[in-house]
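Architecture and fold: a report
Spelled out from the first residue to the last, the chains are:
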Amino acid sequence: MSGLSDGFEHYLVPDAEAIKVAITEGLVVLDSNVLLELYRFAGPARTELFEVLEQIGERLWIPHQVRLEFHRNRLSVMSSQEESYQDVLKTIDEVRQSQSVVVSKIRELAKRVLLPKEERDELLQLVSRGLDDAERVMTELRSAHGSSGGFAEDAILQRLQRLFSGRVGEPLESGELDAAREEALRRVEAQEPPGYRDGSKEDPTGDYLVWYQTLREAAMRKLPLLFVTRDAKEDWFLRLKGQTICGHPSLIAEARDVAGVPAIIMQTQSLLYHARSFLETVVSEETIRQAEHSAVQASQDSARSIFVQAAMLGTMIEVASRQVEDLRSESERLQRAVDLFVYEVDAQEDGPGKAMHQRRLDELRQQSEEVAVELSDMQAAVDVLRSEDHSTLRDSVRLSWRGRPSRTRMLSLAKSAKRQVEMLQDWSVGLSSAVARGVVEASGGGAVSVGSWVIHSEYGKARVADVRPADEEGSEEQAELLFADGTTRWVVSSDLRADGYPGE
């Protein structure tokens, strides 16, 4: 007789013993974002994460798709880190240039009130010391972070190369890869994990390819599977009321059915937390804090991407609608010209003149037919963009496909935009990011949450994409506005007026 949970283990949250077995005995697979996270961590935290991974040893493994994504994105992540330090150092330099005004005022004061030379010099030192100390500390941090060695001297890459020597999967054969990509696209369309949250990407198949290759390796090794990712989206995890509970049940069930192994999916900070107990490695609270902050940042970046896509949907509809009207006017003009030439051709006698008018009539008819098809294409795109019936959305793409560039482009954009609107609706109900739960007070409109529509007196209507204190005392808030063209701007929140919420 079976027990209550027999066959439904994928709905159970892993307990401490299951996590211990996965970390100490299982196949540990890393997503590419975990490798790239090493570039975001400060020096001590990076060292501790490396030590955890080295402790796992031979059981550590990455799929070929992870290797591919890591190399594709490594340089851009390095560039982003270096740019952040450069921005601060540039600001310090700009402040130092304006410091000369203060220096001249102090010298003038010393002359007028006859300050002793020692007191004058002490004042001048106080003015410059703060910036000098800030620049020194920032330069030291930059060096410790590994951001100053350039792209060629990459110590992190060298350590990763040693760590994963002989621990990387081989690429799939061409036929198997094509089949896996087809399945990935099917899952995106059917909203099945993993990867359907990446449906708006140019290539949304990456997450599934990582998972597919992971299951192949797990099936061969027959070890408990631990998959670690920086991701926090619902196509990897079961999330309830903004909390990440455990790996998505359908993925855990798939690991059992396909690979025949139990599986756990966790984020980087969870691996670090449990490694302290089960691998007996030193992991500081600061390292875990950095991993948690990185996860929050990933949620914010994903949320901003959703905001941009949702904001662009309105712009797409507006642009496409104008093109429909222009094409309709052009179609009507051409039809009038066709009617006129038909009358002129019929009225003329046979001869060179009639033959010339007939050729012109044929050209106008061809132009009229092309514009009519273009008009039909663009109108179909507008209908899809405005459609709330997503099954109709899929049918529109499938049934009315003619291979024309405008149709291909507009219907593809329509699918992407509508999918992002669905994501925005889900996200607005229970966003997990701490900053996204922040609320700012907007004059004349009461509390305006992140995601709400606001109006700025100078810049006009926009969505609130982020909020943060405008000063250290927290006496005033500033908000990041996302405009319809995808641009953003930080403003003081007191300059905003509420203008409704998503869905209104």
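Fair warning: this is a prediction, and the values are worked out from it, not measured in the lab.

Some words on the confidence of the model for the chain
Across the chain, pLDDT averages 75, with 66% of residues at or above 70. Here residues 388–409 scores under 50 on pLDDT; set against residues more than four positions off or in separate chains, the count is 35 contacts. Below pLDDT 50 for its whole length, residues 500–504 participates in eleven contacts with residues either more than four positions away or in separate chains.

A few points about the packing of aromatic side chains
As enumerated under the stated definition, the model contains five aromatic pairs in all. A ring pair is formed by Trp211 and Phe227, whose centres lie 6.2 Å apart and whose planes are at 85°; its orientation type is edge-to-face. Remark: Phe227 occurs in strand E3 (residues 225–229) and Trp211 occurs in helix H8 (residues 206–221); sequence separation between them is 16 residues. Both residues of the pair, Trp211 and Phe227, count as buried. Summarising the aromatic geometry, the rings of Phe227 and Trp236 are spaced 4.8 Å apart at their centres and angled 20° between planes, so their arrangement reads as stacked.

Details of the nonpolar core
Generally speaking, nonpolar side chains in soluble globular proteins are found buried as a group. Membership of the largest hydrophobic core comes to 57 residues, with the highest contact counts inside it found for Leu30, Leu160 and Leu226. Counting residues per element, this core draws most heavily on helix H3 (residues 43–56), which supplies six residues. If we skip the residues at most four places from it in the chain, Leu226 touches Ala22, Ile23, Leu27, Val28, Val29, Ile264, Met266 and Leu271. Counting 13 residues, the second largest nonpolar core, distinct from the first, contains Val324, Ala337, Phe341 and Val345.

Thoughts on the pattern of salt bridges
Using the criterion set out here, one finds 19 salt bridges in the structure. Its salt-bridge partner being Arg216, residue Glu176 comes within 3.0 Å of it at the nearest N-O pair. Taken as a pair, Glu176 in helix H7 (residues 174–190) and Arg216 in helix H8 lie far apart in primary sequence, 40 residues in all. Between Lys233 and Asp231 there is a salt bridge, with the nearest N and O atoms lying 2.8 Å from each other. Judged by its relative accessible area of 16%, Lys233 is buried. Residue classification places Asp231 among the buried positions, given a relative accessible area of 11%. Three or more residues joined by partner-sharing salt bridges are found here, namely Glu183, Arg186, Arg187, Glu192 and Glu254.

With respect to the sheet that holds strand E6 (residues 263–267)
An order of E2-E1-E3-E6 is seen for the four strands of this open sheet, with the pairing classed as parallel. Since the sheet does not close on itself, it has two edges, and those belong to strand E2 (60–61) and E6, each with one partner. Of the strand pairs in this sheet, strand E1 (residues 27–30) and E2 are connected by two bridges, and their pairing is parallel. By the bridge assignment, Val29 is partnered in E2 with Trp61. Across the face of the sheet, helix H1 (residues 16–25) comes into contact with E1, E3 and E6 while running at roughly 85° to E6.

Some details on the pairing of strand E5 (residues 243–247)
Here four bridges tie strand E4 (residues 237–240) to E5, and the two strands are oriented antiparallel to one another. Looking at E5, one finds that Arg239 is bridged to Thr244. Where E4 hands over to E5, the hairpin turn is made up of two residues, of which Lys241 adopts a positive phi near 50°.

A closer look at helix H9 (residues 249–259)
The α-helix advances 3.6 residues per turn, and as a result positions three or four apart in sequence lie on the same side. Within H9, the full set of buried residues consists of Pro249, Leu251, Ile252, Ala253, Glu254, Ala255 and Ala259. Those residues of H9 that are buried are in contact with H7, H8, E4, E5 and E6. At the C-terminal side of H9, Gly260 shows a positive phi close to 75°.

Quick notes on unusual backbone geometry
Looking along the chain, the bond that leaves Pro193 and enters Pro194 is cis, with omega of -5°. If you trace the backbone, Pro194 turns up in the loop between H7 and H8. The phi angle at Gln191 is positive, at roughly 60°, despite the residue not being glycine. If you trace the backbone, Gln191 turns up in the loop between H7 and H8. Backbone geometry at Lys222 places phi at a positive 55°, although glycine is not the residue there. By secondary structure assignment, the location of Lys222 is in the loop between H8 and E3.

A look at H3
Counted at 1.5 Å a residue, the expected span for H3 with its 14 residues is 20 Å, and the 20 Å between its end C-alpha atoms agrees. Taken residue by residue, H3 has Gly43, Ala45, Arg46, Glu48, Leu49, Phe50, Val52, Leu53 and Ile56 as its buried positions. Just beyond H3, the residue with positive phi is Gly57, at close to 70°.

Criteria and thresholds
Residues numbered from 1 in each chain as written. Predicted model: local features only at pLDDT ≥ 70, side-chain atom pairs only at ≥ 80, totals over all residues. Heavy atoms only, no water. pLDDT = per-residue confidence, 0-100. Contact = heavy atoms within 4.5 Å. Phe/Tyr/Trp six-rings, centres within 6.5 Å; stacked < 30°, edge-to-face > 60°. Helix = DSSP H or I, 4+ residues; strand = E, 2+ residues; numbered from the N terminus. Buried < 20%, exposed > 50% of the residue type's maximum accessible area, 1.4 Å probe, protein only. Core = buried A, V, L, I, M, F, W, Y, C linked by side-chain atoms within 4.5 Å. Salt bridge = Lys/Arg side-chain N within 4 Å of Asp/Glu carboxyl O. Pairing = 2+ DSSP bridges. Axes fitted to C-alpha atoms, helices over the stretch in contact; angles between N-to-C directions. Expected span 1.5 Å × (residues − 1).

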